[in-house]
Structures are given as C-alpha cells and as structure tokens.
Amino acid sequence: EVIVFEIGGCKYCAAFRDNLGARYLASTTNQAAPMRFVDVGRLDPQSFQLRSDINTVPTIVLMQDGQEVDRVEGYPLAELLFGMVKSRVGSSAQ
C-alpha cells in the first residue's frame, strides 16, 4: 500500500493529488500497491508503523505488511515514485 500523508491547505499536497496522484491512481501500479491519502491533521501518523515522524507534506510512504519499507518526502518526480513502488512490488507494477 502507498500512503500519502498530506494536510489541508497545502498547495503542494493539492498539486500532488491532482497531478501525480491522479496519474498513479489510474495506473496498473495502483493495482499492485493501492494508494490512499491520509490527512495528518485528522489522523495521527503515530497510528502507523513508521520509521520516523512525518515532518514534510506530502510524504509518500510505501507500506508492506503494515510497516514502512520506503518513503519519499515532498513532491517527487514521477520516476522516483513509480520506481520506489516497482522496486518493492516487482514487475507486476507498470
């Protein structure tokens, strides 16, 4: 699963959701590792098994078996996001 930690009013979070997030959700990569959005103002990131605190939004975290395995902080390049997921979930992600 890919969790995007964001907060209301963040222009970079909105831009990510509208652009790269929409592209990811429409991709076959989303089938292999579904993406969901979590507002850190409404849901405590401590309820997730993260390696470290969320200090930047957006922060995109790849979770496997309920634990963080990788993350990207800030608005990433598409290649970085898709590459992170594909390196962990294998060739089924396109």
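Now for a look at the structure at hand. (Residues numbered from 1 in each chain as written. Predicted model: local features only at pLDDT ≥ 70, side-chain atom pairs only at ≥ 80, totals over all residues. Heavy atoms only, no water.)

1. Quick look at unusual backbone geometry
1) Next: For the bond running from Val57 to Pro58, omega is -5°, close enough to zero to count as cis.
2) Next: Examined against the element boundaries, Pro58 turns out to sit in the loop between β2 (35–39) and β3 (59–64).
3) Next: Phi is positive for Asp65, which is not a glycine, with a value near 55°.
4) Next: For Asp65, the position within the fold is in the loop between β3 and β4 (67–73). (Helix = DSSP H or I, 4+ residues; strand = E, 2+ residues; numbered from the N terminus.)

2. Re the environment of Leu62
1) Next: Summarising the element assignment, Leu62 is placed in strand β3.
2) Next: When the C-alpha positions of Leu62 and Leu50 are compared, they lie 9.9 Å apart, and in sequence the two are 12 residues distant.
3) Next: Other than its neighbours up to four places away in sequence, Leu62 contacts Glu1, Val2, Ala33, Gln67, Glu68, Val69, Asp70, Met84, Val85 and Arg88. (Contact = heavy atoms within 4.5 Å.)

3. Examining the nonpolar core
1) Next: In terms of nonpolar packing, the biggest core is built from 16 residues, with Val2, Tyr24 and Leu81 touching the most fellow members.
2) Next: Those elements that provide at least two residues to this core are β1 (2–6), α1 (11–25), β3, β4 and α3 (78–89).
3) Next: The element contributing the most residues to this core is α3, with five residues.
4) Next: Judged by nonpolar contacts, the second largest core, of eight residues, contains Val38, Phe48, Ile54 and Met63. (Core = buried A, V, L, I, M, F, W, Y, C linked by side-chain atoms within 4.5 Å. Buried < 20%, exposed > 50% of the residue type's maximum accessible area, 1.4 Å probe, protein only.)

4. Structural notes on α3
1) Next: Given a rise of 1.5 Å per residue, 12 residues ought to cover 16 Å, and the 17 Å separating the end C-alpha atoms of α3 matches this to within 8%.
2) Next: For α3, the full list of buried residues reads Ala78, Leu81, Phe82, Met84 and Val85. The arc enclosing the buried residues of α3, seen along the axis, measures out at 155°, which places them on a common side. Looking at α3, the residues exposed on the side facing more than 90 degrees away from the buried face are Glu79 and Ser87.
3) Next: The inward-facing, buried residues of α3 contact β1, α1, α2 (29–32), β2, β3 and β4. (Expected span 1.5 Å × (residues − 1). Arc of directions from axis to C-beta.)

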